Amino acid sequence: MQSSNVFSLKFPRNPHTTLSSCIHSNINGASFSSSFLIRIAFSPKIINSINYILHLLVCYAIEHRQAQLGSTDFLCNWQFALLDTKVCITLLHVHRDRVMFVRSNALLIQILFKFISALAANSKNVPDRFRFRDNIWQNHFFIVDAIQGGAGTSANMNMNEVIANRSGEILGCPKGSYKMVHPNDHVNMAQSTNDVIPTAGKLTVLDLLAPLEKALLRLEKELSKKAAEFDDVITMGRTQLQDAVPIRLGQEFQAYSDAIMRDIHRMDKAMDEMRTVNMGGTAVGTGINADEAYVSRIVPNLSKISDIQFVQAFDLIDATQNLDPFVAVSGAVKACAVTLSKIANDLRLMSSGPRAGFGEINLPAKQNGSSIMPGKVNPVIPEVVNQVAFNIIGNDVTITMAAEGGQLELNAFEPIVFYCLFQSIDTLAYAVQTFVDNCVTGITANEERCRQLVENSIGVITAICPHVGYEKAAEIAKKAMKTGESIRNLILREGLLSEKEMETVLDPVNMTEPGISGKELLRK
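Residues numbered from 1 in each chain as written. Predicted model: local features only at pLDDT ≥ 70, side-chain atom pairs only at ≥ 80, totals over all residues. Heavy atoms only, no water.

(A) Structural context of the overall build of the protein chain. Along the backbone of the protein chain there are 19 helices and 12 strands. Residues classed as buried in the protein chain amount to 48% of the 524 residues present. Considering only contacts in the protein chain between residues 6 or more positions apart, those separated by 24 or more positions represent 72%. Roughly 25100 Å² of accessible area belongs to the protein chain as shown, and the carbon and sulfur atoms make up 53% of that amount. (Helix = DSSP H or I, 4+ residues; strand = E, 2+ residues; numbered from the N terminus. Buried < 20%, exposed > 50% of the residue type's maximum accessible area, 1.4 Å probe, protein only. Contact = heavy atoms within 4.5 Å. Areas by Shrake-Rupley, 256 points an atom, 1.4 Å probe, with all protein chains shown as cover.)

(B) Here's a closer look at the packing of aromatic side chains. Throughout the structure, instances matching the rule amount to four aromatic pairs. In this arrangement the basic side chain of Arg-238 is found over the ring face of Phe-358, its NZ or CZ atom lying 4.1 Å from the centre. (Phe/Tyr/Trp six-rings, centres within 6.5 Å; stacked < 30°, edge-to-face > 60°. Lys NZ or Arg CZ within 6 Å of the ring centre and 35° of its normal.)

(C) Representation of unusual backbone geometry in the model. With an omega of 10°, the peptide bond between Gly-353 and Pro-354 qualifies as cis. Within the secondary structure layout, Pro-354 lies in the loop between helix H10 (324-350) and strand E11 (361-362). At Gln-240, a residue that is not glycine, the phi angle is positive and equals roughly 55°. Positive phi outside glycine occurs at Asp-307, with the angle close to 60°. Counting through the fold element by element, Asp-307 comes out in the loop between helix H8 (292-306) and strand E10 (311-312).

(D) Highlighting the packing of H10 against helix H12 (residues 414-438). Where H10 contacts H12, the two axes come as close as 11 Å, and the packing angle between them is 30°. On the basis of their axis angle, the class for H10 and H12 is roughly parallel. Where H10 crosses over H12, the two elements pack in a sense that is left-handed. Touching Phe-326, Val-329, Ser-330, Val-333, Cys-336, Ala-337, Leu-340, Ile-343 and Leu-347 of H10 are Val-417, Phe-418, Leu-421, Ser-424, Ile-425, Leu-428, Val-432 and Phe-435, all from H12. Classifying every residue of the contact of H10 with H12 gives 15 nonpolar, two polar and no charged. (Axes fitted to C-alpha atoms, helices over the stretch in contact; angles between N-to-C directions. Parallel < 35°, antiparallel > 145°, perpendicular 65-115°, else oblique. Left-handed = near helix turned anticlockwise from the far one by under 90°. Nonpolar A, V, L, I, M, F, W, Y, C, P; charged D, E, K, R; others polar.)

(E) Here's a closer look at the pattern of salt bridges. Enumeration over the complete set of coordinates arrives at 20 salt bridges. Among the ionic pairs, Asp-346 bridges to Lys-342, the shortest N-O distance being 2.5 Å. Within this pair, Asp-346 and its partner Lys-342 are both found in helix H10, separated by four residues, close to a single helical turn. A relative accessible area of 16% places Asp-346 in the buried class. Through salt bridges that share partners, Lys-472, Glu-475, Lys-479 and Glu-494 make up one connected network. (Salt bridge = Lys/Arg side-chain N within 4 Å of Asp/Glu carboxyl O.)

(F) Representation of the environment of Leu-302. For Leu-302, the position within the fold is in helix H8. Through-space distance from the C-alpha of Leu-302 to that of Met-279 is 9.4 Å; in sequence the pair is 23 residues apart.

(G) Just the pairing of strand E7 (residues 234-239), in detail. Where E7 lies against strand E8 (residues 242-248), five bridges are found, and the strand directions are antiparallel. Paired with Arg-238 across the bridge in E8 is Asp-243. In sequence, E7 turns back onto E8 through a hairpin of two residues, with Gln-240 there showing a positive phi of about 55°. (Pairing = 2+ DSSP bridges.)

(H) Up close: the environment of Gly-442. Along the chain, Gly-442 turns up in the loop between H12 and strand E12 (444-445). Since its relative accessible area comes to 34%, Gly-442 is described here as partly exposed. Spatially, the C-alpha atom of Gly-442 lies 5.5 Å from that of Pro-364, the residues being 78 residues apart in sequence. What Gly-442 contacts, discounting residues up to four positions off in sequence, is Lys-226, Asn-362 and Pro-364.

(I) Structural detail: the nonpolar core. Residues Phe-253, Leu-340, Leu-347, Leu-428 and Phe-435 are the most contacted members of the largest nonpolar core, which totals 72 residues. Contributions of two or more residues to this core are made by helix H6 (193-229), helix H7 (249-273), H8, H10, helix H11 (380-404) and H12. The leading source of residues in this core is H6, at 13 residues. Contacts of Leu-347, omitting those with residues within four sequence positions, involve Phe-253, Tyr-256, Ile-361, Leu-363, Phe-435, Cys-439 and Ile-443. (Core = buried A, V, L, I, M, F, W, Y, C linked by side-chain atoms within 4.5 Å.)

(J) Quick peek at the confidence of the model for the protein chain. For the protein chain, the mean per-residue pLDDT works out to 76, and 73% of the residues sit at or above 70. Note that residues 1-139 has pLDDT below 50 and, in this model, 307 contacts with residues that lie over four places away or in other chains. (pLDDT = per-residue confidence, 0-100.)

(K) Highlighting the environment of Ala-290. With respect to the helices and strands, the residue Ala-290 is situated in the loop between strand E9 (276-277) and H8. Under the relative-accessibility criterion, Ala-290 is labelled buried at 14%. Counting along the chain gives 100 residues from Ala-290 to Ala-190, while the straight-line C-alpha distance between them is 4.6 Å. With residues near it in sequence (within four places) discarded, Ala-290 still touches Ala-190, Gly-280, Thr-282 and Val-295.

(L) Spotlight on helix H15 (residues 470-483). Taking 1.5 Å of rise per residue, 14 residues should cover 20 Å, and H15 covers 20 Å from first to last C-alpha, within 8% of that figure. Among the residues of H15, those classed as buried are Ala-473, Ile-476, Ala-477 and Ala-480. The arc that holds every buried residue of H15, seen down its axis, measures 100°, which confines them to one face. Exposed positions of H15 whose direction lies more than 90 degrees from the buried face are Glu-471, Lys-478 and Lys-482. Considering only its buried residues, H15 is in contact with helix H14 (461-468) and helix H16 (487-493). Residue Gly-484 follows H15 closely and has a positive phi angle near 85°. (Expected span 1.5 Å × (residues − 1). Arc of directions from axis to C-beta.)

(M) Fine view of a negative patch on the surface. Negative charge collects at one region of the surface, where Glu-273, Asp-315, Asp-318 and Asp-324 lie side by side. Position of Asp-324 among the secondary structure elements: in helix H10. Taking relative accessible area as the criterion, Asp-324 reaches 46% and is therefore assigned partly exposed. (Patch = residues over 30% accessible without salt bridge, like charges linked within 9 Å, V, L, I, M, F, W, Y side chains within 5 Å. Lys, Arg positive; Asp, Glu negative; His and termini not counted. Charge placed at Lys NZ, Arg CZ, Asp CG, Glu CD.)

(N) Main features of the packing of H6 against H7. At a closest axis distance of 9 Å, the pairing of H6 and H7 adopts a crossing angle of 165°. Judged by the inter-axis angle, H6 sits roughly antiparallel to H7. Every pair of crossing elements has a handedness; the one defined by H6 and H7 is left-handed.

Put into structure tokens, the structure is as follows:
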């Protein structure tokens, strides 16, 4: 695992001191006799899915004492801390030798994010006591494998124990001593693996889909630019890899752009399914051991903290039993990967050569293509996209089988679903980014080569067919294939059309738009 980083802030004893004034005082070096300590741990994304699962631990209030801190700064009850893989915020308040936890609201988190961002952006000017430092304890205590039995109980309890141990450590207790903060009684209170883990999974999917959608929008934009750039380049369209009819290169790239936009819309619909969660359902969806107030508040509070509009599932039992929303997301991701792989296939074919292939376009050269063949350049970036797509298709099969394999009130195979789905989304986002940066933006067209392919193709006979009839057109086509002569020369030699009429019928724009090319000639 990569190292995490910790940043600490000390709060004054006066509970009415505002967060902003406290931060301002800390920045200016004021010292406090503290009763509050905020610790913010940042973990970069890593392969281990534990660090992908945004694990929200919001427990039933253990004491109604909001007055000490002021009702405007915190949500209505003393509650346990919010922990996710990017930010761990633990607020500890020691009062009358008892430990109480409060959860920060959305405003507090936003202010902290801004503060940390400012520190990161101006790290050279940050006092030493505010600099980030390695947080060794977190590197060694998330120990369970991503693929595990028990529907994620190992990951859930690993997280619970880390919170309990770290909280106890801050309070002066040795690791493994749960006298003050217990992983089950205090951290896991009012929750079950069976509602926390799927909710964490949905939070993570939404988090990972955001950069993927951003990358896809970039790709769609760049493909549209290429469509405009190549709009006047006419080339030969092909079906079953055989000459068909002329098409403009810009039309092909516009089709790619439209396909990507359709995938983006499909992804938006899939994201909607991730906003329905089963928090409050606990073990099997009946809500056992969860107070009614907690059940009614948990999802609205989660929405406030995450700034995502979640809704509680209408039927918590159904939402606990079934994983079909993840299958839908995986399907959307797979469909996008298939689209991208098809585009990558086309680019590899269109750029094949340089002398003995299609040679219609040039892809940016990124590396030597062979250790033995000098000068060879391979389409390595489209090949990356292909391979990512192959992996995503396999992951989708795994996710489908895992979702189908559930029994009765719970599906035990959520860990493999998350492992595969997170990997699919993450790798696709990176594939799209490198596709845009290292391939699409640098594509150029070989206009002369494209023009020659059209002029020497028998496919243009399709445009002439309405003017000379199908049987005559077929005769001309066969003769062209046998003799190697061009369709144009054969038509002119037999006097079927004049030079001027041929120019009209074989006009690139007329041949690549709906209608009959040279239709006005038929009226004569």
